[in-house]
Amino acid sequence: MLNVIIFGAPGSGKGTQSENLIKKYNLAHISTGDVLRAEMKNGTELGKLAENYIAKGQLVPDDVVIGMLANVLDSKKDAAGVIFDGFPRTIPQSEALEKMLKERGQEVSIVVSLEVEEPELIDRLIKRGQQSGRSDDNLETIKSRLDVYKNQTSPLKEHYKTTGKLVPIKGIGTVEDIFLKISEAVDNIK
Ligand code: B4P
């Protein structure tokens, strides 16, 4: 089973490239951001809790996201593989994911890290905010998301470097060119 983590700062193109990966490799998609936004839209208890964190650009607490992921993962057990988009975002989340996969006789296959500089990230997210109306795509919240990424999420890169799973890919250029580089990396591990 192919387990792809797509990793990168907010606005690096994780969601965009996930869509291409799903189509080409027939993978199931788990985006913790999408799951949380759906809960918010449906006004569930989890959604109400998540809203407080997302609107401020902070991470939703680990225990909440990890608990949520276990349920979602089991719902995809018949898929050819899974793309993890926006998860893990902290060291405890990566440990939980590895444990969950191990319990199911699986492991992380590859961690694709999309590398994009901060001014470009801000530019993309502001543009998206003008169209999507996402509550976290405004300058103040974008800046907190980038700080959270630097402090809590980017240390995961070191962890995946030591496991030999990390493949850094420049995330600037056309969506198609970036996808070609990602596909090459994925094909190399198959
Ligand atoms: P997410 O939904 O994961 O949002 P994100 O990291 O901000 O990235 P996003 O998916 O939106 O952007 P993408 O890189 O696809 O998370 C939202 C919030 O939910 C988090 O801040 C957090 O509060 C909470 N959350 C989610 N997961 C969590 C977890 N595991 N633990 C705790 N909390 C969690 O960028 C896309 C934009 O760039 C698009 O507008 C696209 O059109 C553009 N783009 C893409 N490729 C491009 C290219 N090559 N050139 C130009 N533009 C491009």
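The structure this text deals with has already been given above.
Residues numbered from 1 in each chain as written. Predicted model: local features only at pLDDT ≥ 70, side-chain atom pairs only at ≥ 80, totals over all residues. Heavy atoms only, no water.

Caption draft 1: How the structure looks around the overall build of the protein chain. Counting its regular elements, the protein chain contains nine helices and five strands. Mapped in sequence order, the helices and strands of the protein chain form the string β-α-β-α-α-α-β-α-β-α-α-α-β-α. Relative to the globule expectation of 16 Å for 190 residues, the C-alpha radius of gyration of the protein chain, 16 Å, shows essentially globular dimensions. Along the longest, intermediate and shortest principal axes, the C-alpha atoms of the protein chain span 40 × 40 × 30 Å. (Helix = DSSP H or I, 4+ residues; strand = E, 2+ residues; numbered from the N terminus. Rg over C-alpha atoms; globule rule 2.2 N^0.38 Å.)

Caption draft 2: Up close: the site of the ligand. Around the ligand sit 28 residues, and of these Gly15, Gln58, Arg89, Arg128 and Arg145 come closest. Contact between the ligand and Thr32: a nitrogen atom at 2.8 Å from a side-chain N or O atom of the residue. For the ligand, an oxygen atom lies 2.7 Å from a polar atom in the backbone of Gln58. Relative to its unbound accessible area of 1,000 Å², the ligand is 87% covered by the protein chains. Counting residues per element, the shell around the ligand draws most heavily on helix α2 (residues 32-41), at four residues. Considering only residue class, the shell around the ligand consists of nine nonpolar, eleven polar and eight charged. (Near = heavy atom within 4 Å. Polar contact = N/O pair within 3.5 Å; in protein donor to acceptor, adjacent residues only side chain to side chain. Areas by Shrake-Rupley, 256 points an atom, 1.4 Å probe, with all protein chains shown as cover. Nonpolar A, V, L, I, M, F, W, Y, C, P; charged D, E, K, R; others polar.)

Caption draft 3: Representation of the pairing of strand β3 (residues 81-85). The buried fraction of β3 is high, at five of five residues. Along β3, one buried face is formed by Gly81, Ile83 and Asp85 and the opposite face, lined by Val82 and Phe84, is buried too. Where strand β1 (residues 2-8) and β3 come together, five bridges link them in parallel fashion. Residue pairing in the sheet places Val4 in a bridge with Ile83 of β3. (Buried < 20%, exposed > 50% of the residue type's maximum accessible area, 1.4 Å probe, protein only. Pairing = 2+ DSSP bridges.)

Caption draft 4: The arrangement of the nonpolar core in detail. Among the nonpolar cores identified, the biggest contains 34 residues, and Ile5, Ile30, Phe84, Leu97 and Val111 are the most heavily contacted of them. Top contributing element to this core by residue count: helix α4 (residues 62-74), with five residues. In this structure, Val111 is in contact with Ile5, Phe7, Tyr160, Lys165, Leu166 and Val167, ignoring residues within four places of it in sequence. Of all hydrophobic cores here, the second largest spans 16 residues; its members include Leu2, Val4, Val112 and Phe179. (Core = buried A, V, L, I, M, F, W, Y, C linked by side-chain atoms within 4.5 Å. Contact = heavy atoms within 4.5 Å.)

Caption draft 5: Spatial organisation of the sheet that holds strand β4 (residues 110-115). Strand order in this open sheet of five strands is β2-β3-β1-β4-β5, and the pairing throughout is parallel. Looking at which strands have only one partner, the edges of the open sheet turn out to be β2 (28-31) and β5 (166-170). Averaged over all neighbouring strand pairs, the angle between strand axes comes to 20°, with direction disregarded. Here β2 runs beside β3; their pairing, made up of four bridges, is parallel. Its bridge partner being in β3, Ala28 is matched across the sheet by Val82. (Axes fitted to C-alpha atoms, helices over the stretch in contact; angles between N-to-C directions.)

Caption draft 6: Here's a closer look at the packing of aromatic side chains. Applying the stated criterion to the full structure yields one aromatic pair. Look at Phe7 and Tyr149: their rings are 6.1 Å apart centre to centre, the planes differ by 50°, and that puts the pair in the tilted class. Separated by 142 residues along the polypeptide, Phe7 in strand β1 and Tyr149 in helix α7 (residues 139-153) bring together distant segments of the chain. Each member of the pair, Phe7 as well as Tyr149, is classed as buried. (Phe/Tyr/Trp six-rings, centres within 6.5 Å; stacked < 30°, edge-to-face > 60°.)

Caption draft 7: How the structure looks around the side chain of Ser183. Note that Ser183 resides in helix α9 (residues 175-189). Under the relative-accessibility criterion, Ser183 is labelled buried at 4%.

Caption draft 8: Broad picture of the environment of Met100. Mapped onto the fold, Met100 is located in helix α5 (residues 91-103). Its relative accessible area of 7% is what places Met100 among the buried residues. Along the primary structure Met100 and Leu73 are separated by 27 residues, whereas in three dimensions their C-alpha atoms are 8.8 Å apart. Beyond its immediate chain neighbours, meaning those up to four positions away, Met100 contacts Ile66, Leu69, Ala70 and Leu73.

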